[in-house]
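Results of the structural survey
For reference, the chains in residue letters:
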Amino acid sequence: FQVLQYMQDANLEPTKVTYTSLLSECARIGRADRAAIVLKRMREQQGRHRDDMKLQKFHGNDEADVDLEKNLLKLFGRARRVNEAVAVLKGMLSRREIPDNDCWKILFDAVETKRHFDEALRLLTSMREKGQNLPINELTYGALLGACNRVNQLMPAFTLVKEMKESGATLTEEMFLKLIELCSRNKQAKTAVDVFEAMRSSGVSPGVKTYTSLLTAMANNDSNSSLHFEAKNRSVFIRPRGLWEETHEESYDNILKTKANAANNLFRVFLVFGEMKSSGIQPDVAAYNALINSCAAVGDLERAMGVLKEMYDDQNCFPPDAITFTSLIKTAANAHDIKAAEQIFSDMQQRTNHFSSFHSPSEKTFKHMMNANLNANRFRRVLELWDDMMGRQLAPTNHTCSSALTACQRLKNVDKALRIYNSMNRFSVRLDNCSLLKMVKICEEAGRKDVTREILIKRSSQ
């Protein structure tokens, strides 16, 4: 780089050989940041001489160039510098080079944002539409599905699966796992079940991560979520008759339609868990947490505590974590058992009780504790929990802020409400419509119209 600076000081422009040597050295020592600087200067020089016929010397097409570009792709991919990786790939495509599967796999393995995913997919689609068709192998399909999972792209993932099935490609356990995780994140429990059944019917044995993801998908099922995706895309997998077809004279499709059937969904979750254990697969903490979360949906505290006991009795499982106790508190809140919620909240923070270790409450823990106390009309306790959360420097969400403001409204405590409002501003939590209405009502009832006006002005400018 010093030599490059000497050349520029002497008004000498580097040649392709100079840049290639620099890029090769950057790739050799793993300096993605330096390689990005070299490529930027290279493009700037090309831009200054766009109409110069001598520029053709800058565009080699030999094997050395291709090897260098692959090395640069690997370098930028490992460093997650997607913009530079895309620039290298565009350079290859502009010279009618057809990047191989390794190049595309490297690129999609590095993708972590939707913008980069869309750009990378657009390049691949454009190349194939221009007749530069590339038979995608299973490794590249795996990288594409991994990218879909990381940036939460459900529809493109199932489009890829359809293409894979048409091309005769085989789905691995890792691919099925990524699809189930995507379904879970998008609350598409029925599709997750279909993927799981297709996995088993294709002869692929599910592991602990797959079972846990399926349990999580079922536990987090939201019957009010849109079923448009499922109606249109579930045909990608043909679900055989078996475990999911009929139980208690109801199909699994009907069971997941309304929250009135949450108890039947809980039965399904425990059925999957039982199958997991009977298959010889050791459940992990996340699997047990999914069971407790399912119990929370119907407020079945007795069964949830039974799961906790089973965790302690399981010699091969790690002890419960903070998520476990948060889910137990959520269960107690939904069961309207305030004593149990307070006991669990106290026990999880004790270092000398029967629980194995100390667990610091999270914002979600406080959210469920505040819900439990609101349901019990214990408004002062709600504000105590808010102060505890602020003392721990936990960032609130709109949900916890709304609960605290509800308590202020019921107690007619305008000063506390204003302190909560200031905390929201400090943590950059924007007033949602519900919290805004509560603040306005609290201030107006206290005769603080000046404060109301300030809040409304600030809210309208956000």
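Analysis parameters
- Throughout this document, residue positions are counted from 1 along each chain, in the order its sequence is written.
- Where totals are concerned, whole chains, interfaces and linings use all residues; where local detail is concerned, this predicted model gives features only for residues with pLDDT of at least 70, and gives and counts side-chain atom pairs only at 80 or more.
- No hydrogens and no water enter the side-chain calculation; it runs on all heavy atoms of the structure.
- Where helices and strands are cited, they refer to DSSP runs of H or I of at least four residues and of E of at least two residues respectively, numbered from the N terminus.
- Any pair of residues with heavy atoms lying within 4.5 Å of one another is described as a contacting pair.
- Using a 1.4 Å probe, the Shrake-Rupley method yields the accessible areas, and only the shown protein chains count as cover for residues.
- Comment: axis = line fitted to C-alpha atoms, over the contacting stretch for helices; angle = value between 0 and 180 degrees taken between N-to-C directions.
- Note on terminology: angles under 35 degrees are roughly parallel, angles over 145 are roughly antiparallel, angles of 65 to 115 are roughly perpendicular, and the others are oblique.
- Take the far helix as the reference: if the near one is turned anticlockwise from it by less than a right angle, the crossing is left-handed, and if turned clockwise, right-handed.
- Under the grouping applied here, Gly and all other residues not named as nonpolar or charged are polar, the nonpolar ones being Ala, Val, Leu, Ile, Met, Phe, Trp, Tyr, Cys and Pro and the charged ones Asp, Glu, Lys and Arg.
- Pairing of aromatic rings covers Phe, Tyr and Trp, the last counted by its six-membered ring, and requires centre-to-centre distances within 6.5 Å; plane angles under 30 degrees mean stacked, over 60 mean edge-to-face, and any other angle means tilted.
- Multiplying one less than the number of residues by 1.5 Å gives the expected span of a helix.
- Throughout, exposure labels follow a simple rule: accessible area from a 1.4 Å probe, protein chains only, divided by the maximum for the residue type, with under 20% read as buried, over 50% as exposed, and the rest as partly exposed.
- The rule for a salt bridge is simple: a side-chain nitrogen of Lys or Arg has to be within 4 Å of a carboxyl oxygen of Asp or Glu.
- Definition of a polar contact: a pair of N or O atoms within 3.5 Å, with one able to donate and the other able to accept a hydrogen when the atoms are protein atoms, and with sequence-neighbouring residues admitted only if both atoms are side-chain atoms.
- Residues grouped as a nonpolar core are buried Ala, Val, Leu, Ile, Met, Phe, Trp, Tyr and Cys residues, joined through side-chain atoms within 4.5 Å.
- Scored between 0 and 100, pLDDT is the confidence that the predictor attaches to each residue.

**Here we look at the overall build of the protein chain**
Secondary structure assignment for the protein chain yields 25 helices and two strands. Counting only contacts in the protein chain whose residues sit at least 6 apart along the sequence, the fraction spanning at least 24 positions is 67%. Here the protein chain displays about 23300 Å² of accessible surface, and carbon together with sulfur accounts for 49% of that area.

**Considerations on the packing of helix α19 (residues 338-347) against helix α20 (residues 363-375)**
Taken N-terminus to C-terminus, the directions of α19 and α20 make an angle of 155 degrees; their axes are 9 Å apart at the nearest point. The angle between α19 and α20 places the two elements in the roughly antiparallel class. Pair α19 / α20 crosses with left-handed handedness. For the pair α19 and α20, the contacting residues are Ile338, Ala341, Glu342 and Phe345 in the first and Thr365, Phe366, Met369, Ala372 and Asn373 in the second. Along the lines of polarity and charge, the residues of the contact of α19 with α20 split into six nonpolar, two polar and one charged.

**A look at the packing of aromatic side chains**
According to the stated counting rule, one finds five aromatic pairs in the structure shown. Site record: aromatic cluster; members linked through ring pairs are Trp104, Phe108 and Phe117.

**A look at helix α10 (residues 173-185)**
The terminal C-alpha atoms of α10 lie 18 Å apart, and with 13 residues this matches the ideal 18 Å at 1.5 Å per residue to within 8%. Turning to α10, its buried residues number three or more, namely Met175, Phe176, Leu177, Lys178, Leu179, Ile180, Leu182, Cys183 and Ser184. Check the buried side of α10 and you find it contacts α8 (138-150), α9 (154-167), α11 (189-201) and α12 (208-219).

**Describing the pattern of salt bridges**
Under the criterion given, the structure shown has 15 salt bridges. We note a salt bridge from Lys105 to Asp109, for which the minimum N-O separation is 2.7 Å. With Lys105 and Asp109 both in helix α6 (residues 101-110) and four residues apart, the pair spans about one turn of that helix. A salt bridge links Arg303 to Asp300, with the nearest nitrogen and oxygen atoms 3.8 Å apart. With relative accessibility at 39%, the residue Arg303 sits in the partly exposed group. The exposure class of Asp300 is partly exposed, given its relative accessible area of 24%. Overlapping salt bridges, with partners in common, bring together Glu342, Arg378, Arg381 and Glu384 in one network.

**With respect to unusual backbone geometry**
Positive phi values are uncommon outside glycine, yet Asn152 reaches one of about 60 degrees. Residue placement: Asn152 occurs in the loop between α8 and α9. Residue class for Asn152 comes out partly exposed when judged on its relative accessible area of 30%. Located in the positive-phi region is Lys187, a residue other than glycine, with phi close to 55 degrees.

**Examining helix α23 (residues 414-426)**
With 13 residues, α23 should cover 18 Å at 1.5 Å per step; its first-to-last C-alpha distance of 18 Å lies within 8% of that length. Once α23 finishes, Ser428 follows within two positions and takes phi at roughly 60 degrees, a positive value.

**With respect to the side chain of Asn293**
Tracing the backbone shows Asn293 in helix α16 (residues 285-298). Owing to a relative accessible area of 15%, Asn293 belongs among the buried residues under this scheme. Side chain to side chain, Asn293 and Lys330 meet in a polar contact 3.4 Å long. The residues touching Asn293, leaving out its near neighbours within four places in the chain, are Ala219, Asn220, Ser327 and Lys330.

**Looking at the packing of α6 against α8**
Two numbers describe how α6 lies on α8: the axes approach to 8 Å, and their chain directions differ by 15 degrees. Classified by the angle between their axes, α6 and α8 sit roughly parallel to one another. The element α6 and its partner α8 pack so that their crossing is left-handed. For the pair α6 and α8, contact is made by Asn101, Trp104, Lys105, Phe108, Asp109 and Ala110 and by Leu139, Thr140, Ala143, Leu144, Ala147 and Arg150, respectively. Here the contact of α6 with α8 is built from residues that sort into seven nonpolar, two polar and three charged.

**Digging into the nonpolar core**
Formed by 119 residues in total, the largest nonpolar core has its most connected members in Phe108 and Met439. In this view, Phe108 contacts Phe117, Ala120, Leu121, Leu124, Ala143, Leu144, Ala147 and Arg150; residues no more than four positions away in its chain are not counted.

**Focus on the environment of Asn334**
Checked against the element boundaries, Asn334 lands in helix α18 (residues 322-334). When the C-alpha positions of Asn334 and Asn375 are compared, they lie 9.0 Å apart, and in sequence the two are 41 residues distant. Excluding residues within four positions of it along the chain, Asn334 makes contact with Ala296, Ala297 and Gly299.

**Observations concerning the confidence of the model for the protein chain**
Of the residues in the protein chain, 74% reach a pLDDT of 70 or more, and the chain-wide mean stands at 79. Of all the helices and strands in the protein chain, strand β1 (residues 246-247) carries the lowest mean pLDDT, 36, while helix α21 (residues 379-391) carries the highest, 96. In the predicted structure, residues 50-64 sits below a pLDDT of 50 and forms 19 contacts with residues beyond four places in sequence or in another chain. For residues 223-232, every residue scores under 50 in pLDDT, and the model assigns this stretch 19 contacts once sequence neighbours within four places are set aside.

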